[in-house]
Amino acid sequence: MNTLETLPVTLDDVLKAQELLEGIITKTPVESSRALGHLVGGNVYFKCENLQRAGSFKVRGAYVRMARLTDAEKKRGVVAASAGNHAQGVAVAAKSLGINARIYMPLGVALPKLAATRSHGAEVVLHGHNVDEALAEAQRYANETGAVFVHPFDNVDVVAGQGTIGLEILDQIPNVDTILMGVGGGGLLAGVAVAIKARAKELGREIRVIGVQAENAAAYPPSLAADALVPLKKVSTMADGIAVGRPGQLPFSIIRELVDDVVTVSEDSLARALIFLLERAKMVVEPAGAVGVAALMDGKIENPGNTAVVLSGGNIDPMLMLKVIQRGLSAAGRFMTVRMMLDDRPGSLATIARIIAENDANVTGLDHTRLGGSISMGDVSITINLETKGHEHGEQVLGALRAEGFQPIVVH
């Protein structure tokens, strides 16, 4: 195994990055969560990078990378590609350093992220239907013009900049036992691991560093198992901030040496975590920033002890938030859609309404139709959206409907 001193990024690199970032970034707060701590049987703290400048940790690495450019490189400007957080981080850093920045974003990028990136002064060019296509165009532009390409995670300075979060966590939670954070390309996890493991060695103690990926965008578990980069054929997750199909070579070389584990969480778990953060922590967090909370809620971390969870970003599209809230409520058993066939006669719908009311559920929407290939003459199909108080209450409502002779089918 490599020693800490021979890895491509060292504690000294992270300390120098911290000096560069002094007065540039926000030392984000740490908030405790009694509700989550009670659930997992330990103390849980949130490192609130969702409150960072530009809404995520990305500004740390982007600024360190760009601050170390030569004067000639700065005059040529920088170029990057991103669907959101890296774009805003580069834009903020470029504005602070007086560097022209061109950022390629996919055509379907969320409007709030597009507007925010432009508001920081960057030139935004919409290109391609995904980040990979935007990335290829950014690389082409860099080769053609000499602009400096700022990679989102596969760069020594970027990794060192992200690692400053680890130093802050140790300063704010000296007795931390476990640190959780999301993983996409791996820059954040690699940087924090370098800082934490080096400091832990100095202190003569163990601190676990664990990465979390969405299970539909989890390139690290197979790559770590093969000890080689294993790209995914398909990536599909609401957590766009970590929707990376291939680990970065540089972060991977660090993560395989230092990180204790990488676990995965489902989309439903992510949705439940976001609902929890909204309701119990009063935190607006994007899906990629909530994966650590999802892992704790799912019981994926054994003996977590004093746990710090990095809420890596808060840049969530309001339209996505609407969908996530509905999915999260459904996953928690607090919202369900039920479909039934009824005899098309007066009183049938009134009977269903009475049963639902008597069982203390709430109707939020109803669709009533006599048309459709599967609907017989004399029948009617109804679809009802219901608010319930959890899985047990939902089963109670379904049982009451069945007891009256109806055959409800849960469709969501």
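Residues numbered from 1 in each chain as written. Predicted model: local features only at pLDDT ≥ 70, side-chain atom pairs only at ≥ 80, totals over all residues. Heavy atoms only, no water.

1. A short note on the nonpolar core
So, step 1. If you look at the biggest cluster of nonpolar residues, it comprises 69 residues, and the most contacted ones within it are Met66, Val78, Val90, Ile103, Ile179, Met181 and Leu189.
So, step 2. Residues contacting methionine 181, with those up to four places away along its chain left out, are Leu188, Leu189, Val192, Val209, Ile210, Gly211, Val212, Val291 and Val310.
So, step 3. If you look at the next biggest cluster of nonpolar residues, it comprises 32 residues, including Ala271, Ala273, Val293 and Leu311. (Core = buried A, V, L, I, M, F, W, Y, C linked by side-chain atoms within 4.5 Å. Buried < 20%, exposed > 50% of the residue type's maximum accessible area, 1.4 Å probe, protein only. Contact = heavy atoms within 4.5 Å.)

2. Considerations on a nonpolar patch on the surface
So, step 1. A contiguous nonpolar patch, built from Leu349, Val363 and Leu366 and spanning about 220 Å² of accessible area, is present on the exposed surface.
So, step 2. Locating valine 363 in the fold gives a position in strand E12 (residues 362-369).
So, step 3. Owing to a relative accessible area of 39%, valine 363 belongs among the partly exposed residues under this scheme. (Patch = residues over 30% accessible without salt bridge, like charges linked within 9 Å, V, L, I, M, F, W, Y side chains within 5 Å. Areas by Shrake-Rupley, 256 points an atom, 1.4 Å probe, with all protein chains shown as cover. Salt bridge = Lys/Arg side-chain N within 4 Å of Asp/Glu carboxyl O. Helix = DSSP H or I, 4+ residues; strand = E, 2+ residues; numbered from the N terminus.)

3. Examining helix H6 (residues 111-119)
So, step 1. Residues of H6 that are buried include every one of Lys113, Leu114, Ala116 and Thr117, and no others. Down the axis of H6, the buried side of the element spans an arc of 165°, and every buried residue falls inside it. In H6, those exposed residues whose orientation departs by more than 90 degrees from the buried face are Leu111 and Ser119.
So, step 2. Of the surrounding secondary structure, the elements contacted by the buried residues of H6 are helix H5 (85-97), strand E4 (101-105) and strand E5 (123-126).
So, step 3. Positive backbone phi, at 100°, marks glycine 121, one or two positions downstream of H6. (Arc of directions from axis to C-beta.)

4. Focus on the environment of arginine 34
So, step 1. Along the chain, the position of arginine 34 falls in helix H2 (residues 34-40).
So, step 2. Separated by 246 residues in the primary sequence, arginine 34 and arginine 280 have C-alpha atoms spaced 9.3 Å apart.

5. A short note on the environment of tyrosine 141
So, step 1. Mapped onto the fold, tyrosine 141 is located in helix H7 (residues 131-145).
So, step 2. For tyrosine 141 and alanine 80, which are 61 residues apart along the polypeptide, the C-alpha to C-alpha distance reads 9.7 Å.
So, step 3. The contact partners of tyrosine 141, leaving out residues within four places of it in the chain, are Val79, Arg102, Tyr104, Gly146 and Ala147.

6. So, the packing of helix H3 (residues 58-67) against helix H8 (residues 156-172)
So, step 1. Their axes nearest at 7 Å, the elements H3 and H8 cross at an angle of 135°. Relative to H8, the element H3 lies oblique. Crossing geometry of H3 relative to H8 is assigned as right-handed. For the pair H3 and H8, the contacting residues are Lys58, Arg60, Gly61, Val64 and Arg65 in the first and Asp157, Val158, Gly161, Gln162, Thr164, Ile165 and Glu168 in the second. (Axes fitted to C-alpha atoms, helices over the stretch in contact; angles between N-to-C directions. Parallel < 35°, antiparallel > 145°, perpendicular 65-115°, else oblique. Left-handed = near helix turned anticlockwise from the far one by under 90°.)

7. Focus on the sheet that holds E5
So, step 1. The four strands lie next to each other as E5-E4-E3-E6, forming an open sheet whose pairing is parallel. Lying at the two open borders of the sheet, with one neighbouring strand each, are E5 and strand E6 (148-149).
So, step 2. Relative to E5, E4 runs parallel, the two sharing four bridges. Of the residues in E5, the one forming a bridge with tyrosine 104 is valine 125.
So, step 3. The strands touched by H7 within the sheet are strand E3 (78-81), E4 and E6, with E3 carrying the most contacts at an inclination of about 165°. (Pairing = 2+ DSSP bridges.)

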